[in-house]
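Next come the chains, spelled out residue by residue.
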Amino acid sequence: MRDKGYDILKSVLYDKKHAHVLLRELELSKREHAFVSRIVYGVLQNKIYLEYHISTYTKKKPDKKSEIVLLMGAYEGLFMDSIPDYAVVNEYVNLGKKLGLKHQTGFINVVIKKILQGGLLEVNKEKLEKVSIETSVPIWILKLLKAQYSESFAIDYAYYSREIKPIYGWVNRLKFDPSAKSYLNDGVVNRDVFRTSLIKDAHLIIQDINSQSVVDLMEIEKGMRVLDCCCAPGTKTLRIANRLDNSGEVVGIDIAPTRIKLTQDLMKRAGVENAEIMQADATDVVFNNLFDAILIDAPCSGLGVIAHKHDLRYNIEPNDLDNLQILQRDILKNITQYIKIDGIVTYSTCTLNKKENEKQIADFLSLHSNFELIYEETMNPVETRGDGFYVAQLRRKW
């Protein structure tokens, strides 16, 4: 089992793959899957803190393979109590041998043994560096949030990202099952629902509370023609279809074929009859008719969702932000030409980076005088107990 966890962590940390996708593809028993999932997510959620332990007992940074083995061994020994410490050491020495690390197994043995003997360490660093290590949020993210918001917000958000948050959801009215309501309390999902088929059969939809709010802010009426741009995996598309009550039309586009398939499958399972989901590049797609309302759920750095997408914080780098801003600009420029006069374009992201949010919209408005900003909000994750979202609404004047 541990070799499966190693393979996933290697793909996430060095090939920028998504942990949840790789875990979904595993063919293991329920017990084995739970074990591997805990190891993978545990390492990702605590990676920088675990690296702090490793660096305490080593003189130089280990090679990539050995480092992953050490991260796994440190996490299992420090945070799990499935087997005794000596057995943890043996398991990861054996994993090292299996991976061809014959000359490193002595090193792995000594380091894991010292880490487990030393226990959880106090972090002797100052301010943001201390918070970064304790919460395993990269220091550059904290510095960005400090510069754009405040130091207290950066710290609060880092610790919030480690908390267990509510699971939010809503009842799909297009395929109504009266029992679905009984598993919701003020929008929070009772975990007993996972023992039923209500989610699999799309009677109850899991969606973050602030993600839901993005669609709820849209001015949608029955019979409208609505575009959902960058629509996958389709939860916002489905919420739009619910607001339309299967009337009018909702067109969803996304660039990735696999994600299009996911969205199409959801529409089918959910009883959506008014949706056309198609593969297209939002920067240059052409439509023959205009839309009454448009949602641009833009590709972004995702800095608002690191609380539950633990791999994202390691797969995004400061240099990526510039490329994302160019992509967002190009999508806005192309898609906004397809809104009717007096229609509203809703732009949303799940990031807290103001350059992708407020500045992106301000730059767009400076070049497009036929649009006006009628609403703008950053949904504070700490205050709302949800993900960090930004939403802006632009009305076309002429």
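Look up a bit, the structure's there.
How each quantity is defined
- Residues numbered from 1 in each chain as written.
- Predicted model: local features only at pLDDT ≥ 70, side-chain atom pairs only at ≥ 80, totals over all residues.
- Heavy atoms only, no water.
- Helix = DSSP H or I, 4+ residues; strand = E, 2+ residues; numbered from the N terminus.
- Rg over C-alpha atoms; globule rule 2.2 N^0.38 Å.
- Buried < 20%, exposed > 50% of the residue type's maximum accessible area, 1.4 Å probe, protein only.
- Contact = heavy atoms within 4.5 Å.
- Areas by Shrake-Rupley, 256 points an atom, 1.4 Å probe, with all protein chains shown as cover.
- Lys, Arg positive; Asp, Glu negative; His and termini not counted.
- Charge placed at Lys NZ, Arg CZ, Asp CG, Glu CD.
- Pairing = 2+ DSSP bridges.
- Axes fitted to C-alpha atoms, helices over the stretch in contact; angles between N-to-C directions.
- Phe/Tyr/Trp six-rings, centres within 6.5 Å; stacked < 30°, edge-to-face > 60°.
- Core = buried A, V, L, I, M, F, W, Y, C linked by side-chain atoms within 4.5 Å.

1. Considering the overall build of the protein
In step 1: The secondary structure content of the protein amounts to 16 helices and 11 strands.
In step 2: Computed over the C-alpha atoms, the radius of gyration of the protein is 23 Å, within 12% of the 21 Å expected from 2.2 N^0.38 for a compact globule of 398 residues.
In step 3: Across its three principal directions, the C-alpha atoms of the protein cover 70 × 45 × 35 Å.
In step 4: The buried share among the 398 residues of the protein stands at 54%.
In step 5: The contacts in the protein between residues at least 6 apart in sequence include a share of 73% that link residues at least 24 apart.
In step 6: Counting only carbon and sulfur atoms, one obtains 50% of the accessible surface of the protein, whose full area is about 18800 Å².
In step 7: Averaging the positions of the 54 positive and the 53 negative side-chain charges in the protein gives two centres separated by 5 Å.

2. Examining the pairing of strand β11 (residues 389-396)
In step 1: Taking burial as the measure, the eight residues of β11 include seven buried ones, the bulk of the element.
In step 2: Note: strand β10 (residues 371-379) against β11, eight bridges, orientation antiparallel. Bridged to Phe371 within β11 is Arg396.

3. Quick word on the environment of Ile341
In step 1: Here Ile341 shows up in strand β9 (residues 339-349).
In step 2: When its relative accessible area of 52% is taken as the criterion, Ile341 is described as exposed.
In step 3: The residues contacting Ile341, other than those within four sequence positions of it, are Arg396, Lys397 and Trp398.

4. Examining the environment of Gln148
In step 1: Secondary-structure assignment places Gln148 in helix α8 (residues 139-148).
In step 2: Apart from residues lying up to four places away in sequence, Gln148 is in contact with Leu352, Asn353, Lys354 and Lys355.

5. Describing the sheet that holds strand β7 (residues 275-279)
In step 1: Across the sheet, seven strands lie side by side as β7-β6-β5-β8-β9-β11-β10; this open sheet has mixed pairing. Only two strands of the sheet have a single neighbouring strand rather than two, namely β7 and β10. Averaged over all adjacent pairs, the angle separating strand axes in this sheet is 15°, with direction ignored.
In step 2: The pairing of β9 with β11 spans six bridges and is antiparallel.

6. A look at the packing of aromatic side chains
For any pair of aromatic rings, geometry is given as the distance between the ring centres together with the angle between the planes.
In step 1: Scanning the entire structure with this criterion turns up eight aromatic pairs.
In step 2: With 6.4 Å between their ring centres and 70° between their planes, Tyr347 and Tyr390 make a pair best called edge-to-face. Taken as a pair, Tyr347 in strand β9 and Tyr390 in strand β11 lie far apart in primary sequence, 43 residues in all.
In step 3: For Tyr347, a relative accessible area of 0% corresponds to the buried category.
In step 4: Classification of Tyr390 as buried rests on a relative accessible area of 0%.

7. Some thoughts on the nonpolar core
In step 1: Core analysis: the largest hydrophobic core is formed by 51 residues, its most contacted members being Leu145, Leu238 and Ile240.
In step 2: Aside from chain neighbours lying at most four places away, what touches Ile240 is Val215, Met218, Ile220, Val226, Asp228, Val250 and Leu295.
In step 3: Residues Leu50, Ala74, Leu121 and Ile133 belong to the second largest nonpolar core, which totals 45 residues.

By themselves these figures say nothing about function.
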